[in-house]
Amino acid sequence: MSLYFDAVSVLTAPASTGGSFKSRIYNARNLKASPAQIYALVIEASKWDILLKEVIENAGILKLEPKLTPLLALLLIHDHLIAKKGIAAPANHALRQAVERHKARLRAEFTKARVRRGCASVETLKDAVRKEKIASLGPQAAAAAIYPRWVRVNNIQSTLEQQLATTFAGYQRVEALSQLVGDNDDSAQDQGKGRGIGDKQQRRLRLDPHIPDLLAIAPGMDFTSSQAYKNGEIILQDKASCFPAYLLLGDDGSWQGNMIDGCAAPGNKTTHMASLLAKQSAGNRIFSIDASPVRAKTLQKMVSAAHANSTVTVLAGQDFLALDPNDPRFADVTRLLLDPSCSGSGIIGRDDVPKLVLPGSTAPSDKSKSRNQSKKRKRRHDDEADKTDDAPADSTITLSTSDENELASSHLDPERLNKLSNLQTRIVEHALEFPAATHITYSTCSIHMTENESVVSRVLASDVAKRRGWRVMRRDEQPAGLREWRHRGIRTEPVEKANGSGQSGLSVDLSDQDLEGCLRCWPGDDEGLGGFFVAGFVRDGSVDNWSRRVHESDGVDDEEGDSDSFEGFSD
Ligand SMILES: C[S@@+](CC[C@H](N)C(=O)[O-])C[C@H]1O[C@@H](n2cnc3c(N)ncnc32)[C@H](O)[C@@H]1O
C-alpha cells in the first residue's frame, strides 16, 4: 500500500523541493516503495486521468468511501482497472477493499466510457483518451506538459548520422513536439537499457529545426546508462542552452582565432562550442573560465567527459573581469561567450510533474457533460494537484539550467535585478575590450528585461561599444537555424511576465532591428523550453579607437571611476 501513499506524497510535495520529478523520487529518503514503481504508477495514471475521473465520478465512489481522497482514488482505481496485477496491496487492506467492493460499478462505468468513445479495445481507448487529453489541454499546454528530453550529439566523439544509426536506431521521426508523447504501456518501467532505449511506442524523436545535431526525445527517457552517453557521444543539454554557442560560431567554419567562454561552469556551452569547432577542425582553442573554483571542477569534469581537453583550456577560479584583454594569451581571441549568473527566473517550474486531472466527489448530473467539458477539466484540479504546479526544472541526468544559476530561488526585487544587470553589463563591456574580438554572445536564463534587453541597451550605449564599433548581430546575420527562431526581443516588460519582480511596464530604448536581433524563449509555450535570452554583438574590426582613448585620457581608463564595482559572488 505504501506505493500509493508514496505516489501521493511525491505529487503533493512542496514546490520548494529541488530537482526533477524523477530525481526527487529517486533521491527521496522517506519513500518505502521502489522509486521505479512509484514513477511508473504516476506516469501511467496521468495518461488515463480524464477517463478515470469520469469513471470515478459516475460511479460515485468518493461519496461512498470517505477514506479515499480524489488523488488516492485515481491511483488505486487506475491499478484496479488497468494494471495487470491490480492494486499492489494485500487483499484485506482497507483501501483496497474500499475500491474492490465497487468493482462491478467501476467496471460498468469503465465499459460505458469505452463504448461512449466508440472503442472496441482498451488499446484503442487509450489512444482516444490520449488524443482527448491533448485536445483538451490545447497544443501549447500539451507541448509544455511533455517538456522533451533534449539530446545533443557531441561531434568530437560522433556524428548525428552515427547516432541515428545506433543509439536512436528504430526511433520514429516525428514533425511536432506534441507527437513525442507516446502511448506505450510500460515505458516508464522500460528505461535505461542502453541501445534502443525505451518502449517501442515511445521511441520517437524530432530533429530540432533550429540547432544542428540536437534531438528532442520523449520525456522520461533516460540515456544515462547508454553507451553513447558514457562515451561522451551524446550530451544532455536543454535546447535554449544551445543557442549561445551556435549563435556565436554557427556551423559553417567561418571563424578564425581562439574563443573565450567567460562564465563557463558547469560547461554546457563550452562543450557545445568545442563540438561545433570539431566539425571544422582548424586548431582553434577555447579558454573556459569560471570564477568559482568549486564550479570550475565540474567544468573540468564536463570538458573531460566530452573529450574536449585538446581544445579547451580551463582557467579555474579566474574572475573574467580580472582578465587583462591585452594579455598576449588572448591576442587571437575573436569570439567570446558570456553567460553570467542571473536571476534564473526563466527556469521552468515543476512542469515535469504530471498534472493529474482529479475526480470531484459528486457525480455530474448530466453525464454527457463530462465529455463536453474537457476544456474546463484542467481548471478543476483539487488542492492536491494544484500543489504540484510549480516544481523545479527538468533534466535529471544532465546539468540543467538550474545547475547553472544558483540564484533561481532568490527573492527578486528591482534592486536585486538592477545589481545583477550592473554586473552582467560590466561583464559584457569587459568582453568588448578584447583587441581581436569581433563576435560576442550574451545570454541569461532570465525572463526579465532588466537582465536582457536592458543589458543590451546599456552595452550599446557604453563608451567601449561606440569606440570599437560594436552593434547587435542582425537577424539576417545569424546562423540559419536561429534566423528562423520566431521569439524575439521585447520593447516593454509585459505584466504577466514581470513575475513578481515589480518591473512590469519597463521599456527599453532599442531599435526594431536590434530587438529583432535578440532571441527569446518563454516558459509554458509550445516550444517545450524554459525562459532564455541571448543576443549577439558584432563589429567588423576596422573601427578601433583604443589607442586614441588611452592617449586622450592620459593613460587613465575611462571606466576606472565606475562606482559599480565587482562585489564577488553572492550566487
Ligand atoms: C549561468 S552560469 C554559466 C553556465 C554555463 N555557461 C553553462 O552553460 O554550463 C554562470 C557562471 O558564471 C560564473 N561567474 C559569475 N561571474 C563571473 C566572473 N566575473 N568571472 C567568471 N565567472 C563568473 C559563476 O561562477 C557561474 O558558474
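This one's a predicted model, so the numbers in the text were calculated from it and none came from an experiment.

A. Broad picture of the pairing of strand β7 (residues 286-290). Summarising burial for β7: five of the five residues are buried, a large majority. Neither face of β7 is left uncovered, since the one carrying Ile286, Ser288 and Asp290 and the one carrying Phe287 and Ile289 both have all their residues buried. Here three bridges tie strand β6 (residues 258-261) to β7, and the two strands are oriented parallel to one another. Among the inter-strand pairings, Met259 is bridged to a residue of β7, identified as Ile286. A crossover connection joins β6 to the parallel β7 through helix α12 (residues 268-279); in handedness this β-α-β unit is right-handed. Note: β7 against strand β8 (residues 312-316), five bridges, orientation parallel. Paired with Asp290 across the two strands is Ala316, which belongs to β8.

B. Molecular detail of the sheet that holds strand β5 (residues 234-236). Pairing is mixed in the open sheet, where five strands are placed in the order β2-β3-β4-β1-β5. Both edges of this open sheet fall to β2 (172-173) and β5, since each of them pairs with a single strand only. Two strands pair when backbone bridges link them, and strand β1 (residues 149-153) and β5 are joined in this way by three bridges, in the antiparallel orientation. Along β5, the bridge assignment pairs Arg152 with Ile235. Along the sheet, α12 makes contact with β1 and β5, crossing β1 at roughly 40°.

C. Helix α18 (residues 414-432), seen in detail. When the terminal C-alpha atoms of α18 are compared, their 27 Å separation across 19 residues agrees well with the 27 Å that a helix rising 1.5 Å per residue should span. Leu417, Leu420, Ser421, Gln424, Thr425, Ile427, Val428, Glu429, His430, Ala431 and Leu432 are the residues of α18 that are buried. Along its buried surface, α18 packs onto β9 (333-338), β10 (439-444), α19 (453-461), α20 (463-468) and β13 (532-538).

D. Examining the UniProt feature "active site" (unreviewed entry) in the protein more closely. As recorded in UniProt, the feature "active site" (unreviewed entry) lies at Cys445. By secondary structure assignment, the location of Cys445 is in the loop between β10 and α19. On the accessibility criterion, Cys445 (3% relative accessible area) is buried.

E. Molecular detail of the pattern of salt bridges. Within this structure, the stated rule accounts for 23 salt bridges. The shortest N-O distance in the salt bridge between Glu54 and Arg116 comes to 2.7 Å. Of this pair, Glu54 sits in helix α3 (residues 35-59) while Arg116 is found in helix α7 (residues 103-116), placing the two residues 62 residues apart along the sequence. Salt-bridge contacts for Lys239 lead to Asp208; the nearest nitrogen and oxygen are separated by 2.7 Å. Remark: Asp208 occurs in the loop between β3 (204-207) and β4 (214-217) and Lys239 occurs in helix α11 (residues 239-249); sequence separation between them is 31 residues. One exposure class covers both Lys239 and Asp208, and it is buried. Each of Glu54, Arg116, Arg117 and Glu132 takes part in salt bridges that share partners, so that together they form one network.

F. Layout of the nonpolar core. Counting residues in each nonpolar core, the largest one holds 49 residues, and the members touching the most others are Tyr4, Leu68, Leu75, Leu76 and Ile77. Secondary structure elements with two or more residues in this core: α1 (2-11), α2 (21-27), α3, α4 (61-64), α5 (70-81), α6 (94-100), α7 and α8 (122-145). In this view, Ile77 contacts Leu52, Ile56, Ile61, Ile82, Val99 and Leu106; residues no more than four positions away in its chain are not counted. The next biggest cluster of nonpolar side chains, apart from the first, holds 44 residues, and it includes Met273, Ile286, Leu482 and Phe532.

About the thresholds
- Residues numbered from 1 in each chain as written.
- Predicted model: local features only at pLDDT ≥ 70, side-chain atom pairs only at ≥ 80, totals over all residues.
- Heavy atoms only, no water.
- Buried < 20%, exposed > 50% of the residue type's maximum accessible area, 1.4 Å probe, protein only.
- Helix = DSSP H or I, 4+ residues; strand = E, 2+ residues; numbered from the N terminus.
- Pairing = 2+ DSSP bridges.
- Right-handed = clockwise from strand over helix to strand, strands pointing away.
- Contact = heavy atoms within 4.5 Å.
- Axes fitted to C-alpha atoms, helices over the stretch in contact; angles between N-to-C directions.
- Expected span 1.5 Å × (residues − 1).
- UniProt positions renumbered as here; feature names shortened; annotations may be inferred.
- Salt bridge = Lys/Arg side-chain N within 4 Å of Asp/Glu carboxyl O.
- Core = buried A, V, L, I, M, F, W, Y, C linked by side-chain atoms within 4.5 Å.

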